[in-house]
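As a plain string of letters, each chain reads:
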Amino acid sequence: MSEKVDLRGLFNGLQSQMISEMKTNREFIEHSTTKGDAFEDIWIDYLKTYLPSRYCVDKAIIIDSKGNKSMQIDLVIYDQTYTPFVFIQKNTKYIPAEGVYAVFEVKPDLNKNYILYAGDKIESVRKLFRTSASIIDRGQKRDPISLTKILGGVLSFESKIKKDDTIKKHLKSLKGLKSLDIGCAVNYKSFYVDYIKDDSILKSKADSAEIYNKQFLEFYNDRTFDTIEFSYKYNSLVTFFLQLSRYLQQSIGTVAAIDLSEYAKAINFEIDQEI
């Protein structure tokens, strides 16, 4: 008879390791900017380690084919299969909006201002223009797909807010493109938000990127807050990770392929569509 694996022990051990690393950074790093970067790096390393290899994780600025850009995003989960180029300039990554699965604001502590600021950063990504192109899948041409959700969240070590109802109040105040989906304060709790209208973004078959973007904006403007679920303190990290994985795999799936011809217009180049 094979011995069983202590899953709870493995999960608790992982959370304890992360808490210990964050505590060390808090106690021994004095410069606020350096401390903030350290917390971002811990979260990025964690997600790079445990998410499937199809997902890339970095801090970045998000751009679109019309030359618009987002605010600086602390943590981005993105695709490089159907979004094949990422620009790097002076250690800053610029990621096309089409490739984005999720964006997070990362802070040492969770408080009202950081929740609201996270909403601003998430909105700066969601309002960008995204294209959608056909692909060849196992020898078959697949038509462009509708735009997927972009998850928005906040990550921290501690929470300055000690009442769940207060966190809920701040989250409910974020509407439309600012709304948050998920968050985690490792040494407090994780949470995820349910919305009343949170079904597929696709309303009808579209024949242009403009219509797909209009549907995307309508989706976020129409959905309204329903409930928020909090984890226990002892399992905040693993519940966050499991819920995030569920969103990525079963709610979003695969992002739309980037239409490279739209980006090529920036350099007055026309891509051969008949290859």
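Structure: above.
What counts as what
Residues numbered from 1 in each chain as written. Predicted model: local features only at pLDDT ≥ 70, side-chain atom pairs only at ≥ 80, totals over all residues. Heavy atoms only, no water. Core = buried A, V, L, I, M, F, W, Y, C linked by side-chain atoms within 4.5 Å. Buried < 20%, exposed > 50% of the residue type's maximum accessible area, 1.4 Å probe, protein only. Helix = DSSP H or I, 4+ residues; strand = E, 2+ residues; numbered from the N terminus. Contact = heavy atoms within 4.5 Å. 1 Å grid on protein atoms, 1.4 Å probe; cavity = no way out; pocket = protein on both sides within 12 Å on 5 of 7 lines; lining within 4 Å. Points joined across faces, edges and corners; volume = space filled by probe spheres on them. Nonpolar A, V, L, I, M, F, W, Y, C, P; charged D, E, K, R; others polar. Salt bridge = Lys/Arg side-chain N within 4 Å of Asp/Glu carboxyl O. Phe/Tyr/Trp six-rings, centres within 6.5 Å; stacked < 30°, edge-to-face > 60°. Lys NZ or Arg CZ within 6 Å of the ring centre and 35° of its normal. Pairing = 2+ DSSP bridges. Axes fitted to C-alpha atoms, helices over the stretch in contact; angles between N-to-C directions. Polar contact = N/O pair within 3.5 Å; in protein donor to acceptor, adjacent residues only side chain to side chain.

Caption draft 1: Representation of the nonpolar core within the structure. Judged by nonpolar contacts, the single largest core of 38 residues is most densely connected at Ile62, Val76, Val100, Val103 and Leu171. Secondary-structure elements contributing two or more residues to this core are strand E1 (56–63), strand E2 (69–78), strand E5 (100–106), helix H3 (112–126), helix H4 (164–172), strand E12 (189–195), helix H5 (209–222) and strand E13 (225–230). For Val76, the residues in contact, after removing those within four places along its chain, are Cys56, Val57, Asp58, Ala60, Ile62, Ile95, Val100, Ala102 and Val103. In terms of nonpolar packing, the next biggest core, distinct from the first, is built from 33 residues, Tyr55, Leu155, Phe157 and Phe240 among them.

Caption draft 2: Up close: empty space enclosed by the protein. If you walk through the whole model with that rule in mind, you get one cavity of 30 Å³ or more. Reported here for the largest cavity is a volume of approximately 30 Å³. If you go around the largest cavity, the residues you meet are Lys149, Leu151, Asp181, Asp198, Arg223, Tyr247 and Ser251. Here the residues of the lining of the largest cavity sort into two nonpolar, one polar and four charged.

Caption draft 3: Structural context of the pattern of salt bridges. Applying the stated criterion to the full structure yields 14 salt bridges. Among the ionic pairs, Lys178 bridges to Glu123, the shortest N-O distance being 3.1 Å. Of this pair, Lys178 sits in the loop between H4 and strand E11 (182–185) while Glu123 is found in helix H3, placing the two residues 55 residues apart along the sequence. In this structure, the salt-bridge partner of Lys189 is Asp164, at a minimum N-O distance of 2.8 Å. Here Lys189 is found in strand E12, whereas its partner Asp164 is found in helix H4, with 25 residues between them in sequence. By relative accessible area, which is 23% here, Lys189 ends up partly exposed.

Caption draft 4: Representation of the packing of aromatic side chains. Enumeration over the complete set of coordinates arrives at 12 aromatic pairs. Between the aromatic rings of Phe219 and Tyr220, the centroid separation amounts to 4.9 Å while the plane-to-plane angle is 85 degrees, which identifies the pairing as edge-to-face. For Phe219, a relative accessible area of 2% translates into the label buried. Of the aromatic side chains, those joined through ring pairs into one cluster are Trp43, Tyr46, Tyr50, Phe104, Phe240 and Phe241. One cation-aromatic arrangement involves Lys66 over Phe129; the distance from NZ or CZ to the ring centre is 4.5 Å. Lying across the ring of Phe216, Arg130 places its NZ or CZ 4.4 Å from the centre.

Caption draft 5: The arrangement of the sheet that holds E11 in detail. Strand order in the open sheet made by the nine strands is E3-E4-E1-E2-E5-E9-E11-E12-E13, with mixed pairing throughout. The open sheet is flanked by strand E3 (87–89) and E13, the only strands paired with a single partner. Sheet twist, expressed as the average angle between the axes of neighbouring strands with direction ignored, equals 35 degrees. Two elements, E12 and E13, share five bridges in a ladder whose sense is antiparallel. Its bridge partner being in E13, Val193 is matched across the sheet by Ile228. Along the sheet face, H3 touches E1, E2, E5 and strand E9 (151–156) and points at about 95 degrees away from the line of E2. Helix-sheet contacts for H4 involve E12 and E13, and the interaxial angle to E13 is about 145 degrees.

Caption draft 6: Representation of the side chain of Ser124 within the structure. Here Ser124 lies in helix H3. Among the polar contacts made by the side chain of Ser124, one reaches the main-chain carbonyl oxygen of Lys121 at a distance of 2.6 Å. In contact with Ser124, not counting residues within four places along its chain, are Ser70, Met71 and Ile73.

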